[in-house]
Amino acid sequence: MEEQNKIIEHTEEKFFRDGFYKTTMDEIATELRMSKKTIYKFFPSKDDLIHSIAKFFMNRMRSKILPALQSDKNAIEKLGDLINILAKASDKISAARMEELKRHYPSIWNEIDNFR
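Residue positions are given per chain, counting from 1 as you read along its sequence in written order. Side-chain atom pairs in this predicted model are given and counted only at pLDDT of 80 or more, local residue features only at pLDDT of at least 70, and totals for whole chains, interfaces and linings cover all residues. Hydrogens and water are ignored here; the side-chain numbers use all heavy atoms of the structure.

1. Thoughts on the overall build of the chain
Numbering of helices and strands starts at the N terminus; helices are DSSP runs of H or I of at least 4 residues and strands are runs of E of at least 2. Summing up its helical and strand segments, the chain has 7 helices and 0 strands in all. Going from N to C terminus, the chain has its helices and strands arranged as α-α-α-α-α-α-α. With respect to the three principal axes, the spread of C-alpha positions in the chain is 50 × 30 × 20 Å. For the exposure calls, accessible area comes from a 1.4 Å probe over protein chains only, and a residue counts as buried if that area is under 20% of its type's maximum, exposed if over 50%, partly exposed in between. Of all 116 residues assigned to the chain, the portion counted as buried reaches 34%. Contacts are assigned to residue pairs that have any heavy atoms within 4.5 Å of one another. Sequence separation of at least 24 residues holds for 63% of the intrachain contacts in the chain that already meet a minimum separation of 6. Residue exposure ignores everything except the shown protein chains as possible cover, and the areas themselves are Shrake-Rupley values with a 1.4 Å probe. Total accessible area on the chain is roughly 7,400 Å²; 52% of this is exposed by carbon and sulfur atoms.

Okay, structure coming up:
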């Protein structure tokens, strides 16, 4: 499980920075100093890896958004908290990356869009 999380965390940053479509599994393996075989043990394809990263990101967002909504703060304070959470997320993943997901990975994009 530790290796799997390491792959997800590293690759999430790389994908968000360099792009989903452009990044290769060879690059990921090299940067992680592990074989592609190890990566493919957890993620049989690049699409599976991207899907896992999307789920990881959505779960992390959910774990930040729900407590903000369920807090005892008033509506204005909750809105401020939500704006801060979403602003930090948009700093991490650009509109160009979202567009890339939409174009090259439509099934993953649909899940993200439904989550939003």
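Next comes the rest of the description.
2. Focus: the packing of aromatic side chains
Note on aromatic pairs: each is described by the distance of the centres and the angle between the planes. Only Phe, Tyr and Trp rings are paired, with Trp represented by its six-membered ring, and only when their centres lie within 6.5 Å; those with planes under 30 degrees apart are stacked, over 60 edge-to-face, the remainder tilted. All chains considered together, the criterion is met by 4 aromatic pairs. Ring geometry for F16 and F20: centres 5.9 Å apart, planes at 70°, overall edge-to-face. For F16, a relative accessible area of 9% puts it in the buried group. Pairing F16 with F57 gives two aromatic rings, centres 5.4 Å apart and planes at 90°, and the pair type is edge-to-face. With a gap of 41 residues between them, F16 in helix α1 (residues 2-18) and F57 in helix α4 (residues 46-70) connect regions that are remote in the sequence. Residue F16 shares its accessibility class with F57, and that shared class is buried. Ring-pair connections join several aromatic residues into one group, and the members of that group are F15, F16, F20 and F57.

3. Quick word on the layout of surface pockets
The rule is simple: put a 1 Å grid over the protein atoms alone, call a set of points where a 1.4 Å probe fits but cannot get out a cavity, call an open set with protein on both sides within 12 Å along at least five of seven lines a pocket, and count a residue as lining if it has an atom within 4 Å of a point. Grid points are joined across faces, edges and corners, and a volume is the space filled by probe spheres set on the points. Empty space within the largest pocket amounts to approximately 420 Å³. Residue lining of the largest pocket: 20 residues in total, with F57, M61, M98, I112 and R116 positioned closest to the centre. If you list the elements that add at least two residues to the lining of the largest pocket, you get α4, α5 (75-92), α6 (95-104) and α7 (106-115). Looking at the lining of the largest pocket element by element, the count peaks at 8 residues for α4. Residue composition of the lining of the largest pocket, grouped by class: 17 nonpolar, 1 polar and 2 charged. Classes in brief: Ala, Val, Leu, Ile, Met, Phe, Trp, Tyr, Cys and Pro nonpolar; Asp, Glu, Lys and Arg charged; the others, Gly included, polar.

4. Some points on the side chain of K46
Within the element layout of this structure, K46 appears in helix α4. By the counting rule applied here, Lys and Arg register as positive and Asp and Glu as negative, while His and the ends of each chain are not counted. Each reported salt bridge corresponds to a side-chain nitrogen of Lys or Arg within 4 Å of a carboxyl oxygen of Asp or Glu. Among buried Asp, Glu, Lys and Arg side chains, K46 stands out as unpaired, with E100 the closest opposite charge at 7.0 Å. Setting aside anything within four residues of it in sequence, one finds K46 in contact with F15, F20, Y21, K22, T23, M25 and Y105.

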